[in-house]
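Topology and contacts: notes
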Amino acid sequence: MSHNVKILPGATVCEDCTLEGDITIGGGTVIHPRVTIIAEGGPIIIAEYCIIEEYSTIIHKKSDKQENPPKPLFIGAHNVFEVGCKLESPCGHIGESNVFECRSFVGVDVKIGSGCVIGAACRLTAPQTLADNTVIWGSEHHVREALEKQPSQLLQLDFLSKVMPNYHRLRKPNVHKRQPSTRQSQESSPKP
Amino acid sequence: MAYLTQPDYVKYICSCGQLKPITSLYFCRHCLKIRCGFCICHEVDSHYCANCLENMPSSEARLKKNRCSSCFDCPSCFHTLSTRATMAQPRQVVQDPAAGGDTKVESKQPKKMYYLSCFNCRWTSRDVGIPDQPVASGGWPERTNPHAARVNQLLDYYKAIALQEKQEKIERERKKFNIRGKYITLTDKTGLTGAMARNIAGLPSSESSSSAIASFVPSQATEEVEELPEDIFTKEVNLNQITSMPQRLASPEWQPSSVSRLHPLAKLLSVKRSQRCRACDHNLTKPEYNPGSIKFKIELLAYYHVPEVKIISHEPVKPGGKSALLLKLTNPTGHEMQLRLLQPEDIPPPEEKEEPKSIEKSLERSLNLEKDTTSLKPIEVTCEQPATSRVSAPDVTLTLAQRDDAAEYDDDAQHDTNDIIMWRKSNKLALRLEVVTDEGAEGGAPAVAKVALQYSYRNTVPPAAAAATPRDHTLYTTVLLDLGTVSSN
Ligand SMILES: [Zn+2]
Ligand SMILES: [Zn+2]
Ligand SMILES: [Zn+2]
Ligand SMILES: [Zn+2]
C-alpha cells in the first residue's frame, strides 16, 4: 500500500478500502469501507466534509496530454458519493456540494460545477461542463436546474463519524507533523 | 408462477377467445369457465391514496376530483413529494421593523419549517417560491382554476341537458304506453314521473335547469389571436426554463410553460377493484377493504383451479418433422385430478342450456329500464388460432395428486412408470411428448403447438339450496405452446 496517503485530522477513513497514489483526505470527510480511490494520473485531493460511500470508485486517470507536473484532481467540500458510483475524471476540478447518486458514472472530460446532482444510474460519458446546480435524473437523463445548492449533510457526517469507529477499523490521521507545508501548497494550487 | 419478465411461453385460451398466460386468468367456480380481464366486469370498490393509504367513499372522492388533499406529486418528474423539515430563524421579524414592536417579542429560537421535496429530481417547493409551512401536513397554498366559473357553467349546462333528455325519454315511453293501453295511470294523473326522474338523477328541479339552458352562452371562435412576441424566433431558448409536454399536461388547468410556474400536483387517488363474472354475477376477486392490505376476500384465479402447463424443453421444430417435447403439469387444487391430453378439435361442444331465470331476476330487469344488460353478457368465442404443430396426444388418463404443501420438502422424484411419464413428484408430473409439425410450415415463422386438456374438477362451493348440482366436473381447456421458431431444415 502506498505511503502517499495523507489523512488530515478529523477525517474518518476505514481501513478496508483501496487508496493508491498521492491522495489527500480533508478533515471531516468520511470514507466508508470498500471504497477505491486511485491516483494514477496525478494526486487526488478530497476537501473537507465529503461522504464517500461503499463501493464508490474515484480514479484520476492517466492521460496522454498530461501536464508536468501532473495537475491534481481536486474534489471540493461537501460532496456526496453514494454507493457504487464511479468518477473517472482527469479534469482537475469538481466543485462543492455535489451529489453523485447510487451507481452513477462520470467519465473523463466532464467538468462539474457546484451543487450538481448526478442521478442514480445516470452515465455521463460525453465531454461536457455541468453548470452550477444542474440536476440530472432518470433513465432518459432529464436535466433541470435547481434553484439552490443541495442541503449539506452535516448531521449525517456527524453521525457517521461517531458510529463508524464502533464497527470498523480506521486509518489514523497521519499529517500532524508536516501538515503546514503540504497542506498549503496543495490547496492553493488548484485555485487559479 | 409463470414467467415474470420473460415472454409467456404457454398461453391458455379464455372462454372469450383471448390468449392469456395462466397468471392473468380467472376461473369462475359457478360457470366453471376460464375468464380474463376482457370478459369480466371491473368494479370500483373503494378509493384510496397510495401514499398515505387514506380511504374515502366515492362521493367524497368525486368532490375532491379524485385527488388526495394531503399528498402531492412532483410537477417535474411525477414522483411522490416528501415533506422535509428545516430549522429556520424567524427572519421576517428582522426584515420589517416597521410592523409593530410587539412581533419582536416572539421567541428567537429556530422554528421548524416544512417544505416539499422530490427525492428523484430534487425539485423543491422553494424552487417556485412557495413559502415554507409551519405545519407538516397541509396548508399548502391552493391555486384557483382561472376558468373555474366557465367550467361550472358548462357543468350546469350539461346537467340540465341530461335532465331534459331524460324527461323527454320518459315522456315518449309514456306516450307509447298510452297508445297501446289507452288508459291513464296513476302516475300520469299525479304527474309523479317528472319529479321521480329528477329524484333518480339527483338533479335540481326543472325550472332552474331550463333557465340554465336558456342563459347559457356558447363559446365564440375568434380570428383575433394574440400576436407572438417580437423576439420569439431570435431569443435563445433555455430548455431548463421551459416545461416539457408531460409536465404541462399534468396540470391541465394551468398548463405552465415556464419551470418557475410548476406547482405541486395533488396526488391522484387509486382504486381497489373487484372483478365479477358477467355470466353469473358472482365475484371473481374481491380485495379486502383496508387499503393497506393486499389480501383478497375472494380470489378465484385460474392459477388455483386450472392445471398449470409448463414447457421443460423441446427439440427444434422442423417442417414435416417430429420433435420431442417435455412438459410439466401441476395440479394446484386440493383434490386429485384426472387429466387427459386431447386434440383441440376433440373437445365436445358445450351443452347449450337455457338458464332458468328466476322471477326476482326478471323483475329486477324490468325495473331498471336504463340498464341494457344484454351488452354485458360475455361473448363466447371459440378461438381459431393457427398452430403450426400438433402434439400427438397419448391416449392415457393421467392422475395428478392433490397439492400438498408439506411434500415440497421431499425431493426424491419418482422416476417410474412408462415412456410418457418421466417423473412424478407430489402434485407435479413431467411428460415426454411428440410434436408433429405441418409440412407447409415456413422456416422462421413462430412455431406454435396447440393441445387441449381434459381435467376433472371438484367444485368445493357449498351447494346452494338444492344440493343436486354435481360436485365433480369434467372440464376442458386449450393451451398454446410457444416452441420458438420453425427452423428451415
Ligand atoms: Zn360465472
Ligand atoms: Zn376472456
Ligand atoms: Zn394521500
Ligand atoms: Zn421530481
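Read on for a plain summary of the structure. (Residues numbered from 1 in each chain as written. Chains lettered and ligands numbered in written order. Predicted model: local features only at pLDDT ≥ 70, side-chain atom pairs only at ≥ 80, totals over all residues. Heavy atoms only, no water.)

1. Considering the interface of chain B and chain A
Selection criterion: Residue contacts are counted whenever heavy atoms from the two residues lie within 4.5 Å of one another. Buried area: the accessible surface (1.4 Å probe) lost by two parts on joining, summed over both. Salt bridge, as used here, is a side-chain nitrogen of Lys or Arg placed within 4 Å of a carboxyl oxygen of Asp or Glu. Here a polar contact means two N or O atoms within 3.5 Å. Within protein one must be a hydrogen donor candidate and the other an acceptor candidate, and residues neighboring in sequence count only if both atoms are side-chain atoms.
Between chain B and chain A, the contact holds 12 residues from the first and 14 residues from the second. Together, the buried faces of chain B and chain A total about 1,100 Å²; carbon and sulfur atoms form 40% of this surface. When the buried surface of chain B facing chain A is broken down by residue, Arg122(B), Asp127(B) and Asn240(B) rank first, second and third, together holding 51% of it. On inspection of chain B and its partner chain A, the count reaches 3 salt bridges. One salt bridge connects Glu101(A) with Arg122(B), and the closest N-O pair in it is separated by 2.5 Å. The tally of links between chain B and chain A comes to 5 residue pairs in polar contact (both at pLDDT 80 or more).

2. Notes on the coordination of the zinc ion (ligand 3)
Residue and element names in this part refer to chain B. As a reminder, the rule being used: A 2.8 Å cut-off from the metal defines N, O and S donors, relaxed to 3.2 Å for Na, K and Ca; water is not in the atom list, so some sites may appear incomplete. Under this scheme a four-donor centre is tetrahedral when all angles range from 85 to 135 degrees, a four-donor centre is square planar and a six-donor centre octahedral when opposite donors are above 155 degrees with the rest from 65 to 115, and any other centre is irregular. A helix here means a DSSP run of H or I that spans at least four residues, while a strand means a run of E at least two residues long, and both kinds are numbered starting from the N terminus. Note on exposure labels: buried denotes an accessible area under 20% of the residue type's maximum, exposed denotes more than 50%, and partly exposed covers the range between, all computed with a 1.4 Å probe on protein chains only.
Each protein donor to the zinc ion (ligand 3) is listed here as Cys49 (SG), Cys52 (SG), Cys68 (SG) and Cys71 (SG); together their distances run 2.2 to 2.3 Å. Given 4 donor atoms and angles of 107 to 113° at the metal, the environment of the zinc ion (ligand 3) is assigned as tetrahedral. Taken in chain order, the donor set of the zinc ion (ligand 3) reads C-x2-C-x15-C-x2-C. Of this pair, Cys49 sits in the loop between strand 5 (40–48) and strand 6 (55–56) while Cys68 sits in strand 7 (residues 67–73); the two residues are 19 residues apart in sequence, bridging distant segments of the chain. This pair shows no difference in class: Cys49 is buried, exactly as Cys68 is.

3. Remarks on the coordination of the zinc ion (ligand 4)
Residue and element names in this part refer to chain B. Those protein atoms acting as donors to the zinc ion (ligand 4) are Cys74 (SG), Cys77 (SG), Cys118 (SG) and Cys121 (SG), and they sit at 2.2 to 2.3 Å. Seen from the zinc ion (ligand 4), its 4 donor atoms lie at angles of 102 to 117°, and the figure they make is tetrahedral. Mapped onto the sequence, the donors of the zinc ion (ligand 4) take the spacing C-x2-C-x40-C-x2-C. Here the residue Cys74 occupies a position in the loop between strand 7 and strand 8 (82–88), and Cys118 occupies one in the loop between strand 9 (111–117) and helix 3 (148–181), the gap between them amounting to 44 residues. Judged by relative accessible area, which is 0%, Cys74 ranks as buried.

4. Thoughts on the pattern of salt bridges
Inspection of every chain in the model, using the stated rule, returns 19 salt bridges over all chains. Between Lys149(A) and Glu96(A) there is a salt bridge, with its nearest N and O atoms 3.7 Å apart. Here the residue Lys149(A) occupies a position in the loop between strand 19 (142–145) and helix 1 (154–167), and Glu96(A) occupies one in the loop between strand 11 (93–94) and strand 12 (99–100), the gap between them amounting to 53 residues. Since its relative accessible area comes to 35%, Glu96(A) is described here as partly exposed. A salt bridge links Asp127(B) to Arg144(A); the nearest nitrogen and oxygen atoms lie 2.4 Å apart. Of this pair, Asp127(B) sits in the loop between strand 9 and helix 3 while Arg144(A) sits in strand 19, which puts the two residues in different chains. Of the two residues examined, Asp127(B) and Arg144(A), each falls in the buried class. The network of salt bridges with shared partners includes Lys61(A), Lys86(A) and Glu88(A).

5. Focus: the sheet that holds strand 6 of chain B
Residues and elements named next belong to chain B. Put simply, the rule reads: Two strands pair if DSSP finds at least two bridges between them.
The antiparallel open sheet is built from 5 strands, whose spatial order is 6-5-11-12-13. Pairing within the sheet leaves two strands with one partner each, and these edge strands are strand 6 and strand 13 (296–299). Where strand 5 and strand 6 come together, 2 bridges link them in antiparallel fashion. Bridge pairing links His47 to Met56 in strand 6.

6. Considerations on the nonpolar core
The following threshold applies: We define a nonpolar core as any set of buried Ala, Val, Leu, Ile, Met, Phe, Trp, Tyr and Cys residues linked to one another through side-chain atoms lying within 4.5 Å.
By size, the foremost hydrophobic cluster in this structure holds 43 residues, and its most contacted members are Phe27(B), Val309(B), Leu431(B), Leu481(B) and Leu483(B). With near-sequence residues (within four places) excluded, Leu483(B) lies in contact with Ile311(B), His314(B), Val317(B), Leu325(B), Val435(B), Ala447(B) and Ala449(B). Leu19(A), Ile31(A), Ala39(A) and Ile136(A) belong to the second-largest nonpolar core, a separate cluster that totals 33 residues.

7. Some thoughts on the packing of aromatic side chains
Where we set the bar: Classification of ring pairs rests on two measures: the distance between centres of Phe, Tyr or Trp rings, Trp counted by its six-membered ring, which must be within 6.5 Å, and the angle between planes, read as stacked under 30 degrees, edge-to-face over 60 and tilted in between. Cation placement over rings: the criterion is NZ of Lys or CZ of Arg within 6 Å of the ring centroid and within 35° of the ring normal.
Applying the stated rule across the entire model yields 5 aromatic pairs over all chains. Between Tyr157(B) and Tyr158(B), the aromatic rings sit 5.6 Å apart at their centres with planes inclined by 50°, giving tilted as the arrangement. Through pairs of rings, three or more aromatic residues link up here, namely Tyr157(B), Tyr158(B) and Phe216(B). Sitting above the plane of the Phe105(A) ring, Arg123(A) keeps its charged end 4.4 Å from the centroid. Positioned above the aromatic ring of Tyr115(B) is the side chain of Arg126(B), whose terminal nitrogen or guanidinium carbon lies 4.0 Å from the ring centre.

8. Here we look at the layout of surface pockets
Over the atoms rolls a probe the size of a water molecule, and in doing so it shows where empty space is left. Residues and elements named next belong to chain B. Definition in use: Using only the protein atoms, space was sampled on a 1 Å grid; points where a 1.4 Å probe fits but cannot get out form cavities, open sets with protein on both sides within 12 Å along at least five of seven lines form pockets, and lining residues are those with an atom within 4 Å of a point. Grid points are joined across faces, edges and corners, and a volume is the space filled by probe spheres set on the points.
Taken as a whole, the second largest pocket spans an internal volume of roughly 1,000 Å³. Along the walls of the second largest pocket sit 30 residues, with Lys65, Arg67, Glu142, Arg143 and Glu253 positioned nearest its centre. Every element with two or more residues in the lining of the second largest pocket is listed here: helix 1 (58–63), strand 7, helix 3 and strand 10 (265–268).

9. Focus: unusual backbone geometry
You will see that Tyr49(A), though not glycine, has its phi angle at about 55°, which is positive. With respect to the element layout, Tyr49(A) can be found in the loop between strand 5 (36–46) and strand 6 (51–52). Assessed through its relative accessible area of 39%, Tyr49(A) is described here as partly exposed. Backbone geometry places Arg122(B), a non-glycine residue, at a positive phi of 65°. You can see Arg122(B) is positioned in the loop between strand 9 and helix 3. Residue classification places Arg122(B) among the buried positions, given a relative accessible area of 19%.

10. Things to note about a nonpolar patch on the surface
To keep it simple, the criterion reads: A patch consists of residues whose relative accessible area exceeds 30% and which take part in no salt bridge; residues with like charges are grouped when within 9 Å of each other, and nonpolar side chains (Val, Leu, Ile, Met, Phe, Trp, Tyr) when within 5 Å. Exposure was quantified through the Shrake-Rupley algorithm and a 1.4 Å probe, taking into account, for residues, occlusion by the shown protein chains and nothing else.
A contiguous nonpolar patch, built from Leu228(B), Ile232(B) and Phe233(B) and spanning about 370 Å² of accessible area, is present on the exposed surface. You can see Leu228(B) is positioned in the loop between helix 6 (206–214) and helix 7 (245–250).

11. Some details on the pairing of strand 18 (residues 134–137) of chain A
Residues and elements named next belong to chain A. The alternating pattern of strand 18 places Thr134 and Ile136 and Val135 and Trp137 on opposite faces, both of which are buried. The pairing of strand 15 (residues 117–118) with strand 18 spans 2 bridges and is parallel. When the sheet's bridge partners are listed, Ile118 is paired in strand 18 with Ile136. Bridge count for strand 18 against strand 19 is 4 bridges, and the pairing is antiparallel. When the bridges of strand 19 are listed, Val135 appears paired with Arg144.

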